[in-house]
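Coordinate analysis (summary)
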Amino acid sequence: MLAVLGFLSLASFMLVVIKKWATALVAVVTIPIVVLLISGQGAELPEMVAEGIETVAPTAILLLFAVLYFGIMMDAKLFDPISRGIIRLSGGDPVKICVGTAVLALLVALDGDGTTSYMIICSAFLPIYRKLGINPLVIATIATMALGTISGTTPWGGAATRAISVLQIDATDYFVHMLPAMLLMSAAIIGLAYLLGRSARKKISPERVAEVTAHVSSGGHEDGSEGTLLTKATWRTFVNAALTVTLLVLLVLGVADLLVLFMLGFIIVLIVNHPKPSVQGEVIRSHAANAVPVVILVLGAGVFTGILTETGMTTAMADALISLVPDGAEGMIPAAAALIGIPLSFFMANDAYFFGIVPVLAESAAQYAIPPEEMARAAVIGQMAHSIGPASAPLWVLLGLVRASLGDFQRFAFLWVLAASLMYIVFATLTGAISVGL
């Protein structure tokens, strides 16, 4: 009975979210409460809700300060000097321009917000793509792969945040073990950008390349005449860069929890960039629009997982799925989850996938002593596929920027993204982020 109620909860949630009958927040809170009342355990609702929220509170706080931190970095145009340097180093060479696009895209994706990342990348590089005659779908493909890798993997990105909160795991433990695979995937994306650049260069006349080279050498990309939004570096730019690098180093070294690091980092960059208290309040309010909705959703996920866990529904569902696993194939569960996560992420909204599918897969894996951290890492690998799927809201902004239809873009990008996603699975297994037991 518990398993039936559990699957009913997941199916109802996914249906409501996919059909857009209610927001994810409303669905993730009300559906488990209704199912709990049906099960006859309504009297225990307050305790279950409190237990669930308590488990996700650290993740919600981490997300809040991480979004605020990178919001200030974007306001400060931290990556503008890098953009200018990349464009100047490219010298008008399509291959170098595509590689530079990948480098910038990987950096700005640290912000975690897809719309912001796409706007920065396109404002910096799209004018040169058009001047050279490079297919704008190239920049879109590179940008989506970078966003799916970085924003999809980092604990403050939307996908990993959902996985961490719904599986109630430690963000630092999740990320430190995933970091080598993410770095390898980042290098692979640069390599794929190189191949895309080589293909583009074959279609461009040497005269056009020479013209753009002269334009870049004269500093034409910096004057705003072509639509770029690059700004000059100031002393704050160097301080912001040093603080961000220090933060990432401390994260890798495990000096403190991510929550503590981002809380302290946010306070420092707020004071450095906005020393006046009156301005600080305005800055916080301006970025709260990005942070608060996701934080609230994480807290709502706590209600969902708290009820399903405390009632025993999750365990019952996992037991039902375990009976389907062939003998001797238990060690392949993380890799299999990563593999099936590619098509599921492509077609499904992240809320439906991470709150509906991932918890059941993780509970099933737990029956074979596979830790939930591995299942969380496996779950986020499909985010590159999600970034080109119809359920990705930022993608529609990107398509508007490059003036392309969804069908044309998917036909161009699908094989590149599929190859990259499979490479990510390989990197994750080689680095031990997810295990493969035979």
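Not measured: the values here are computed from a predicted model. (Residues numbered from 1 in each chain as written. Predicted model: local features only at pLDDT ≥ 70, side-chain atom pairs only at ≥ 80, totals over all residues. Heavy atoms only, no water.)

1. So, the overall build of the protein
Scanning the protein for helices and strands turns up 20 helices and 0 strands. Considering the protein as a whole, with its 438 residues, one finds that 53% of them fall into the buried category. The contacts of the protein with a sequence gap of at least 6 include a subset with a gap of at least 24, amounting to 82%. Looking at the protein as shown, the accessible area adds up to about 17700 Å², and 68% of this sits on carbon and sulfur atoms. (Helix = DSSP H or I, 4+ residues; strand = E, 2+ residues; numbered from the N terminus. Buried < 20%, exposed > 50% of the residue type's maximum accessible area, 1.4 Å probe, protein only. Contact = heavy atoms within 4.5 Å. Areas by Shrake-Rupley, 256 points an atom, 1.4 Å probe, with all protein chains shown as cover.)

2. Details of the pattern of salt bridges
Applying the stated criterion across every chain, the model contains 3 salt bridges. When the shortest N-O distance is used, the salt bridge between Asp 93 and Arg 201 registers 3.3 Å. With Asp 93 in the loop between helix H4 (80-90) and helix H5 (94-108) and Arg 201 in helix H9 (residues 171-201), this residue pair connects regions lying 108 residues apart in the sequence. What makes Asp 93 buried here is its relative accessible area of 16%. Between Asp 408 and Arg 411 there is a salt bridge, with its nearest N and O atoms 2.4 Å apart. Remark: Arg 411 and Asp 408 occur in helix H20 (residues 406-430); sequence separation between them is 3 residues, near one turn of the helix. The class of Asp 408 is partly exposed, set by a relative accessible area of 38%. (Salt bridge = Lys/Arg side-chain N within 4 Å of Asp/Glu carboxyl O.)

3. Some words on the nonpolar core
The biggest cluster of nonpolar side chains holds 140 residues, and the ones touching the most others in it are Phe 125, Tyr 129, Tyr 174 and Phe 262. Here this core gets 15 residues from one element, more than from any other, and that element is helix H3 (residues 45-75). Among all residues touching Tyr 129, those that are not within four sequence positions of it are Ile 97, Cys 98, Thr 101, Ile 134, Asn 135, Val 138, Ile 139 and Ile 142. (Core = buried A, V, L, I, M, F, W, Y, C linked by side-chain atoms within 4.5 Å.)

4. Quick notes on H5
Counted at 1.5 Å a residue, the expected span for H5 with its 15 residues is 21 Å, and the 21 Å between its end C-alpha atoms agrees. By the criterion of burial, H5 is predominantly enclosed, with 11 of the 15 residues buried. For H5, every residue scored as buried is listed here: Pro 94, Val 95, Ile 97, Cys 98, Gly 100, Thr 101, Ala 102, Leu 104, Ala 105, Leu 106 and Val 108. (Expected span 1.5 Å × (residues − 1).)

5. Points about the environment of Asp 257
Tracing the chain through its elements places Asp 257 in the loop between helix H11 (235-253) and helix H12 (258-273). Judged by relative accessible area, Asp 257 falls into the partly exposed class, the value being 45%. Placed 87 residues apart in sequence, Asp 257 and Asp 170 show a C-alpha to C-alpha distance of 8.9 Å.

6. What to know about the packing of H3 against helix H8 (residues 158-167)
Contact geometry for H3 and H8: axes closest at 8 Å, N-to-C directions at 160°. By the criterion of interaxial angle, the relationship of H3 to H8 is roughly antiparallel. Note that H3 runs across H8; the crossing there is right-handed. Judged by residue contacts, Val 56, Thr 59 and Leu 63 of H3 engage Thr 161, Ile 164 and Ser 165 from H8. Its residues placed into classes, the contact of H3 with H8 shows 3 nonpolar, 3 polar and no charged. (Axes fitted to C-alpha atoms, helices over the stretch in contact; angles between N-to-C directions. Parallel < 35°, antiparallel > 145°, perpendicular 65-115°, else oblique. Left-handed = near helix turned anticlockwise from the far one by under 90°. Nonpolar A, V, L, I, M, F, W, Y, C, P; charged D, E, K, R; others polar.)

7. Some words on empty space enclosed by the protein
Any space left empty among the atoms is revealed by the rolling of a water-sized probe across them. Tallying each qualifying case throughout the model produces 1 cavity of 30 Å³ or more. Put simply, the largest cavity is a space of about 30 Å³. Surrounding the largest cavity, Ala 337, Tyr 353, Val 358, Leu 361, Met 375 and Ala 379 form its lining. Elements that contribute at least two residues to the lining of the largest cavity include exactly helix H16 (350-366) and helix H17 (372-380). (1 Å grid on protein atoms, 1.4 Å probe; cavity = no way out; pocket = protein on both sides within 12 Å on 5 of 7 lines; lining within 4 Å. Points joined across faces, edges and corners; volume = space filled by probe spheres on them.)

8. A look at the packing of aromatic side chains
In this description, an aromatic ring pair is defined by two values, namely the gap between the centres and the angle between the planes. Using the criterion set out here, one finds 5 aromatic pairs in the structure. Their ring planes at 65° and their centres at 4.8 Å tell us that Trp 156 and Phe 262 sit as a pair that is edge-to-face. In this pair, Trp 156 is assigned in the loop between helix H7 (136-153) and H8 and Phe 262 in helix H12, connecting sequence segments 106 residues apart. Residues Tyr 353 and Phe 354 carry aromatic rings whose centres are separated by 4.9 Å and whose planes lie at 70° to one another, so their mutual orientation is edge-to-face. This pair shows no difference in class: Tyr 353 is buried, exactly as Phe 354 is. Linked through ring pairs, Tyr 69, Trp 156, Phe 175 and Phe 262 together constitute an aromatic cluster. (Phe/Tyr/Trp six-rings, centres within 6.5 Å; stacked < 30°, edge-to-face > 60°.)

9. Re a negative patch on the surface
On the surface, Glu 44, Glu 47, Glu 51, Glu 54 and Glu 310 cluster together into a negatively charged patch. With 3 residues, the top contributor of residues to the negative patch is H3. In this structure, Glu 54 sits in helix H3. Relative accessible area serves as the criterion here: at 59%, Glu 54 is assigned to the exposed category. (Patch = residues over 30% accessible without salt bridge, like charges linked within 9 Å, V, L, I, M, F, W, Y side chains within 5 Å. Lys, Arg positive; Asp, Glu negative; His and termini not counted. Charge placed at Lys NZ, Arg CZ, Asp CG, Glu CD.)

10. Overview of a nonpolar patch on the surface
Residues Leu 339, Ile 340, Phe 414, Leu 415, Leu 418 and Leu 422 make up a contiguous nonpolar surface patch of roughly 520 Å² in combined accessible area. Looking at the nonpolar patch element by element, the count peaks at 4 residues for H20. Within the secondary structure, Phe 414 sits in helix H20. The class for Phe 414 is partly exposed, based on a relative accessible area of 39%.

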